[in-house]
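Working through the structure, step by step
If you want the building blocks of each chain, they are given just below.
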Amino acid sequence: DRLDKEKQRAAAQALRWVRDGMLVGLGSGSTAAYFIQLLGQTLRGGQLQIQATATSLATEALARRAGIPLLEPRRGLRFDLTVDGADEIGPRLTLIKGGGGALLREKVLATSSDYLLIIADSSKLVPQLGQFPLPLEVVPFALPWVLDTVALLGGNPKLRLDKKKAPQPAHSDQGNILVDCHFKSLPDPNQLALQLQDIPGIVEHGLFLGLASAAIVAEGDQLLLLRP
Ligand code: DER
């Protein structure tokens with residue numbers, strides 16, 4: 001459909017940022033999946049050599065099938081480029097991510113990359129963050145208190161259910177619980193991020209602020225290149 005074509009076009013454009021010899025962070029989600037497929041084809045064509053690390057077990061499996069050489073996490077490992085999707089792209093390339101549950105490893109790689117390139121279809125561009133429920137990764141023990149505290153901050157937190165084993169809660173690759181927080185509006189993402197970071201038991205939140213270097217957004221047959 002239209003959005004799928006946009007995802008594919010944004011993913012194809014992102015290939016132009018990949019240079020021979022790069023260390024590349026591989027994002028998670030359906031748009032990143034298109035990028036990984038295309039990157040694998042490019043490598044098989046012999047045009048360039050890169051090494052990569054994945055932001056989720058699902059992405060790792062895709063990358064292996066695509067024949068992309070993978071690097072295990074190690075001290076001093078920095079990525080020249082990470083390519084990843086987003087659930088919302090707001091002002092100054094502030095992002096909400098985590099719709100796919102990979103927010104922790106995504107943020108680890110995003111902060112260990114010299115360049116974070118976001119690829120997205122046009123539905124992700126928003127005038128203000130917060131229509132998409134904000135994902136949190138929470139340590140199971142802390143869950144009740146985290147839910148209470150997030151509610152006090154004005155959020156309406158809901159446990160994410162496992163797609164296959166509902167009504168069991170969904171778990172991240174780390175085995176933590178995923179919570180989606182609906183806020184009426186998010187006028188001050190920076191303040192909310194600081195408040196969330198102070199709540200013990202929240203391992204990661206889906207506000208990616210000041211991390212994206214650029215975003216390629218496909219809109220119909222247009223490609224927008226956005227910078228912060
Ligand atoms: O979970 C994530 O952060 C993914 O990148 C997600 O936000 C993008 O998913 P999509 O590319 O399937 O829309």
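Keep in mind it's a predicted model, so treat the numbers as computed, not measured. (Residues numbered from 1 in each chain as written. Predicted model: local features only at pLDDT ≥ 70, side-chain atom pairs only at ≥ 80, totals over all residues. Heavy atoms only, no water.)

1. Thoughts on the packing of helix α1 (residues 2–14) against helix α2 (residues 30–44)
Following both chains from N to C, one finds α1 and α2 inclined at 50°, their axes separated by 8 Å at the closest point. The pairing of α1 with α2 is recorded here as oblique in orientation. Two packed elements cross with a definite hand, and for α1 against α2 that hand is right-handed. Note on element contacts: α2 touches α1 through Ser30, Thr31, Tyr34, Phe35 and Leu38, opposite Asp4, Lys7, Gln8, Ala11, Ala12 and Ala14. Its residues assigned to classes, the contact of α1 with α2 comprises 6 nonpolar, 3 polar and 2 charged. (Axes fitted to C-alpha atoms, helices over the stretch in contact; angles between N-to-C directions. Helix = DSSP H or I, 4+ residues; strand = E, 2+ residues; numbered from the N terminus. Parallel < 35°, antiparallel > 145°, perpendicular 65-115°, else oblique. Left-handed = near helix turned anticlockwise from the far one by under 90°. Contact = heavy atoms within 4.5 Å. Nonpolar A, V, L, I, M, F, W, Y, C, P; charged D, E, K, R; others polar.)

2. Quick word on the sheet that holds strand β2 (residues 51–54)
Taken together, the 6 strands give an open sheet; going across it, the order is β2-β1-β3-β6-β12-β13, and neighbouring strands pair in mixed fashion. The two strands at the open ends of the sheet, each matched to only one other strand, are β2 and β13 (222–226). Within the sheet, the average angular offset between the axes of one strand and its neighbour, ignoring direction, is 20°. As defined by bridge partners, strand β6 (residues 116–121) adjoins strand β12 (residues 214–219) across 5 bridges and the pair is classed as parallel. The residue of β12 that forms the bridge with Ile119 is Ile216. Against the sheet, α1 touches β3 (81–84), β6, β12 and β13, its axis set at about 155° to β6. Against the sheet, α2 touches β1 (23–26), β3 and β6, its axis set at about 115° to β6. (Pairing = 2+ DSSP bridges.)

3. Examining the sheet that holds strand β11 (residues 207–208)
Strand pairing within a sheet occurs via backbone hydrogen bonds; the two strands may be parallel or antiparallel. Spatially, β4-β5-β11 is the arrangement adopted by the 3 strands of the open sheet, whose pairing is antiparallel. The outermost strands of the open sheet, each flanked by one partner alone, are β4 (88–89) and β11. Here strand β5 (residues 95–96) pairs with β11 via 2 bridges, running antiparallel. Bridge pairing in β11 links Ile96 to Leu207.

4. Digging into the site of the ligand
Taken together, 15 residues form the shell around the ligand, and within it Ser30, Thr31, Asp87, Gly100 and Lys124 come nearest. Ser28 has a polar backbone atom sitting 2.8 Å from an oxygen atom of the ligand. Within the side chain of Lys124, an N or O atom sits 2.5 Å from an oxygen atom of the ligand. A total of 350 Å² of accessible area belongs to the ligand in isolation, and the protein chains cover 91% of it. Class assignment of the residues belonging to the shell around the ligand gives a composition of 1 nonpolar, 8 polar and 6 charged. (Near = heavy atom within 4 Å. Polar contact = N/O pair within 3.5 Å; in protein donor to acceptor, adjacent residues only side chain to side chain. Areas by Shrake-Rupley, 256 points an atom, 1.4 Å probe, with all protein chains shown as cover.)

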